[in-house]
Amino acid sequence: MLIKVPSIVNLGLETIKVDIEINLANKGLPGFEIVGLAGKAVDESKERVRTAIQSSDVDFPAKKITVNMAPADVPKEGSMYDLPIALGILSSVLEFPIPQKSLFLGELSFDGSLRHTKGAFLMALFAKESGYTNLYVPKDSANEAAAIKGVKVFPVEDIGQLCRHFLGQEEIFPIIYKAVKDDKKSIVEFDMKEVLGQEQAKRAMEIAAAGGHNIIMIGSPGSGKTMLARALPGILPPLNDVESLEVTKIYSASGGIPPGGSLITNRQFRAPHHTASLAGLVGGGSKPQPGEISLAHRGVLFLDEFNEFPRTIMEALRQPLEDGYLTISRSRQRITYPADFMLVASANPCPCGYALHPKKSCNCSQNQIQKYQKRISGPILDRIDLHISVMPVDATEFEDNQKNSEFLEASDKIRKRVMQARQKQEARFATETICSNSQMKNSHIKKYCKLAKDVEAILRQASLKFNLSARSYMKMIKVARTIADLDGVDEIAVPHMAEALQYSPKNFETA
Amino acid sequence: MAEVVEVNSDKYPKVLKEALKKIGASLGPKKLYYKGNWSPDIFRNCLSVVGSRHLTYYGRKATEQLVTEVAAAGVTIVSGFMYGGDEAAHSAAVKCGGKTIAVMPCGIDLIHPASQKKLYEEILDTGGLIISEYEGKTQPQIFTYVQRDRIVAGLSKAVLVTEAALESGSLITASYATKFGKKIFALPGPITSEVSKGTIKLIKEGAYPVTEAKDILDFFKVLPGAQKTLIPAKSKVTANTGDNLEQKIIEQLKREPLKADEMARLFSVPVAKLGTSLSLMQLKGFINLDNGKYYLN
């Protein structure tokens, strides 16, 4: 008896339909075999399926069972095929038909219940595009799939329940999508209000958040670099609908959505340690997985102690920083993951860390300092729009907090300004493929950043005086554009450009 | 090519020979290798100027100011060619057309630090001297720096220490100078600065605190500008910008260098607005940024 159960396979973010064909033959020795380029986890599903069926008080058929996964030349990985395989066997034993226009996915537990499985969201997207109307997924994964409108998502608790549903003994109702409030507290560790002093650094953070600019902070240990970075998510605008979809896709593919989770609406903040591997950071592996840079898509990638990262990792960031995506090429397959993130880097000025410290003396030689600073390559620095030095603050200066209250703005207030600036950008780039000032290419700059004579004069003067490269020249225009947006103005004026110059690379050269 | 002067030669500087007698003549260099213009004139009036490798903006400015006047008056500036304080002294001397002697801690055919190749050539081009007691391409060692210091101190009539930490090569040079019985000048600096602690210690021990070039020139008994009039005319900041905030910034920076954050708090101005003014003032050349602090030019 031959049964077909449709499911999917995810290759990166691309989804392909997979037909699970199950044949129960009366001839031959009883056995259980899976063919069709099945990975280890798929092969092991035999034992899960067998035990789960027995736990559901159904006798496992003593027949020669062969499972084929078509197309047979696409590698299949993961535990999501437990449900379709088990369902195929059960439909033969209990004699119910597999419904039309349905897709199945889920990992089985030994007791027959279904566990949260990654990829449900991608399956729902695929179902909508390909005309499938019913999805049967584990209960914990149902909500994320239901975020896609137009498909019915049935939350299945255990395999027995699903059989009773198909036999007409018990009805499962499609789940109604419920947006789970992201626990924002868990991402935002600090409010900008808690960061004492550092006015200029905070302003730079605001500009970076408003225009999606990359930023690097140079400063002594304990000067507050990490705290500033950790406060950044609090001033970032939420994801818009399109962005939210993109980010949720990546997280669904990598299993990053928690049980019962929904669409991701907050910008993600990823802070990998400098011992992270190349594959872990940019993505890869023999079956290419998204790396930290893709998990930080539309969000923030915070690289603390930037010059401690191995050179290979830093250089690997160049392409995604420029293009906003990364293609992982393997002999078997080529997978492209989006990686349009905002890079926030922090570094010490010298090996001992105190070259910029007002009180402690630095005992590094000039050679050591140069070597240390050279660890961050020019091409990477060139792709960072905002450069700031962070000096340690004297805590005693801030005992009288009342006096300085006007300088201690809460994150929410800054966030409002950031959102207004983003709205201006969205309106500006409505007909373009980009969405923030930082993504502007030279053609966009020509089109959207017309400089008045006196503004251009200042920039020219500065590029001579501070030795700005051609790319830096363009970066200054982009930053000035964002500052003008924060100001709510359409024209870039002299003050905007002058402020932008504050964040040009010359400002932290120590030697 | 490098040439050599033996200790018994007439050309060997007397001032060095006599100085070294005080610690035992056998400790002096037997041979001096040199490149450049060896003339008795250049050794007549020498001032050693030494300072920290981590020279602050203040130290650099003060060195430029003092050395420019002293060197232009015909005093030869002797130093150790290290980056920081030494380099500031050499280049100030070269720029005003004065003579300068660089005593190397390495073999005569090496340039150390290599990054100062340009300065090395400038010293030779302006009739200065490069001296070393080591031949060929001897690598610098920790002890050669100290050995070098005794020549720096011995060649001159007085030593000016611009900035020095408590344990530093500049203080070693100063202690050689004391043993040789040379006059010691020290540049006073802020007591909070790590690299002023050494100079302040010297002042406490009797070094002459220098506040103007005249202090040094009086010692050399040559009048300012007597021999050369190459002192570049320094244009002072005309402290009138017509802008209220810029005016305030200039007034404040006259007293002490400040960070942008500090000024924003002091004037109660949003840092965005302050940044605008700072950039514009920087472009106009009124102020300068160094190590995160703004200075008046």
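These figures come from a predicted structure and were not determined experimentally.

Here is what the cut-offs are and how they apply
- Residues numbered from 1 in each chain as written.
- Chains lettered and ligands numbered in written order.
- Predicted model: local features only at pLDDT ≥ 70, side-chain atom pairs only at ≥ 80, totals over all residues.
- Helix = DSSP H or I, 4+ residues; strand = E, 2+ residues; numbered from the N terminus.
- Buried ≥ 20, exposed ≤ 12 C-beta atoms within 10 Å, placed from the backbone.
- Contact = placed C-beta atoms within 7 Å.
- Nonpolar A, V, L, I, M, F, W, Y, C, P; charged D, E, K, R; others polar.
- Pairing = 2+ DSSP bridges.
- Axes fitted to C-alpha atoms, helices over the stretch in contact; angles between N-to-C directions.
- Domains from an automatic or database assignment.
- Core = buried A, V, L, I, M, F, W, Y, C linked by C-beta atoms within 7 Å.
- pLDDT = per-residue confidence, 0-100.
- Expected span 1.5 Å × (residues − 1).
- Parallel < 35°, antiparallel > 145°, perpendicular 65-115°, else oblique.
- Left-handed = near helix turned anticlockwise from the far one by under 90°.

1. Notes on the overall build of chain B
Secondary structure summary: chain B contains 11 helices and 11 strands in total. Here the C-alpha coordinates of chain B stretch approximately 70 × 40 × 35 Å along the principal axes. Burial analysis of chain B (297 residues in total) assigns 50% to the buried set. Counting only contacts in chain B whose residues sit at least 6 apart along the sequence, the fraction spanning at least 24 positions is 72%.

2. Here's the deal with the interface of chain A and chain B
Interfaces are frequently sized by the accessible area removed from exposure as the parts join. With 25 residues of chain A at the contact, the number on the chain B side is 23 residues. Where the side of chain A that touches chain B is concerned, the elements lending two or more residues are α8 (199-211), α19 (453-465) and α21 (494-501) of chain A. In terms of residue class, the side of chain A that touches chain B is built from 9 nonpolar, 11 polar and 5 charged.

3. Notes on the sheet that holds strand β2 (residues 31-36) of chain B
Through backbone hydrogen bonds, the strands of a sheet pair up, either in parallel or in antiparallel fashion. All names here are of chain B. In space, the 9 strands of this open sheet follow the order β1-β2-β6-β5-β4-β3-β7-β8-β9, with mixed pairing throughout. The sheet is open, and its two edges are formed by β1 (3-6) and β9 (208-209), each paired on a single side. Note: strand β7 (residues 158-161) against strand β8 (residues 183-186), 4 bridges, orientation parallel. Paired with V161 across the strands is A186, a residue of β8. Here helix α3 (residues 85-95) sits on the sheet in contact with β3 (46-50), β4 (76-79) and β5 (100-103), set at roughly 160° to β4. Helix α8 (residues 213-220) rests against β3, β7, β8 and β9 of the sheet, and its axis sits at about 170° to β8.

4. Details of the domain arrangement of chain B
Entries for chain B in the domain assignment read domain 1 (3-220) and domain 2 (244-296). Relative to domain 2 of chain B, the C-alpha centre of domain 1 of chain B lies at a distance of 36 Å.

5. Points about the sheet that holds strand β14 (residues 300-303) of chain A
Residue and element names in this part refer to chain A. The sheet built from 5 strands is open, its strands ordered β11-β14-β17-β10-β18 with parallel pairing. Both outer strands of the open sheet, β11 (269-270) and β18 (386-390), are each paired with one neighbouring strand and no more. Here β14 runs beside strand β17 (residues 342-347); their pairing, made up of 4 bridges, is parallel. Paired with V300 across the bridge in β17 is M342.

6. Here's the deal with the environment of A:L87
Residues and elements named next belong to chain A. Here L87 is to be found in helix α3 (residues 82-94). Here the alpha-carbon distance between L87 and R383, two residues 296 residues apart in the chain, equals 52 Å. Beyond its immediate stretch of four places on either side in the chain, L87 contacts V5, F104 and L162.

7. Considerations on the environment of A:L196
Secondary-structure assignment places A:L196 in the loop between α7 (184-187) and α8. For the pair A:L196 and A:L408, spaced 212 residues apart in sequence, the C-alpha to C-alpha distance is 7.3 Å.

8. Points about the nonpolar core
All names here are of chain A. Counting 153 residues, the largest nonpolar core has A86, M123, A124, L135, A145 and V344 as its most contacted members. In terms of residues, this core owes the most to one element, helix α4 (residues 120-130), which gives 8 residues. Filtering out sequence-adjacent residues up to four positions away, M123 remains in contact with I8, T15, L103, L105, L135 and A145.

9. Overview of the domain arrangement of chain A
Residues and elements named next belong to chain A. By the assigned domains, chain A splits into domain 1 (2-167) and domain 2 (184-426). Between the C-alpha centres of domain 1 and domain 2 there is a distance of 40 Å. Contacts between the two partners involve 15 residues from domain 1 and, on the opposite side, 18 residues from domain 2. Mapped by element, the contributors of at least two residues to the side of domain 1 that touches domain 2 are β1 (2-11), α4 and α5 (139-146). In the side of domain 1 that touches domain 2, the residues fall into 6 nonpolar, 5 polar and 4 charged.

10. A few points about the confidence of the model for chain B
Any residue range with low pLDDT should be treated as having predicted coordinates unsuitable for detailed reading. All names here are of chain B. For chain B, the mean per-residue pLDDT works out to 87, and 93% of the residues sit at or above 70. When the elements of chain B are averaged for pLDDT, strand β10 (residues 287-290) gives the smallest value, 84, and helix α7 (residues 197-204) the largest, 95. Note on residues 228-237: pLDDT under 50 across the span, and 16 contacts to partners over four residues away in sequence or across chains. The ipTM value of the predicted complex is 0.80, and its pTM value is 0.80.

11. Quick word on helix α10 (residues 241-253) of chain A
Residue and element names in this part refer to chain A. Taking 1.5 Å of rise per residue, the 13 residues of α10 would be expected to cover 18 Å, and the 18 Å separating its terminal C-alpha atoms lies within 8% of that figure. The complete set of buried residues in α10 reads V247, T248, K249, I250, Y251, S252 and A253. Buried residues along α10 sit against β1, α4, α5, β13 (289-290), α12 (292-295) and β16 (334-338). G255 sits one or two positions beyond α10 and adopts a positive phi of about 75°.

12. Some details on the pairing of strand β4 (residues 64-70) of chain A
All names here are of chain A. A one-sided burial pattern is seen for β4, the buried positions being I65, V67 and M69 and the unburied ones K64, T66, N68 and A70. Direction of pairing for strand β2 (residues 14-25) relative to β4: antiparallel, over a ladder of 7 bridges. Looking across to β4, one finds that L24 is bridged to I65.

13. Digging into the packing of α4(A) against α5(A)
Describing two packed helices takes the angle between their axes plus the distance from one axis to the other. All names here are of chain A. The interhelical angle for the contact between α4 and α5, taken along N-to-C directions, is 45°, at an axis separation of 8 Å. Considering the angle they form, α4 stands oblique to α5. For the pair α4 and α5, the crossing hand works out as right-handed. Taking contact as the criterion, the partners of A120, F121, M123 and A124 in α4 are, on α5, S141, E144 and A145. Of the residues assigned to the contact of α4 with α5, the class counts are 5 nonpolar, 1 polar and 1 charged.

14. So, the environment of A:V42
Residues and elements named next belong to chain A. Among the secondary structure elements, V42 is positioned in helix α1 (residues 40-43). Each C-alpha atom of the pair V42 and M80 lies 8.0 Å from the other, and the pair is 38 residues apart in sequence. Not counting chain neighbours up to four residues away, the residues in contact with V42 comprise I34, K76, E77, G78 and Y81.

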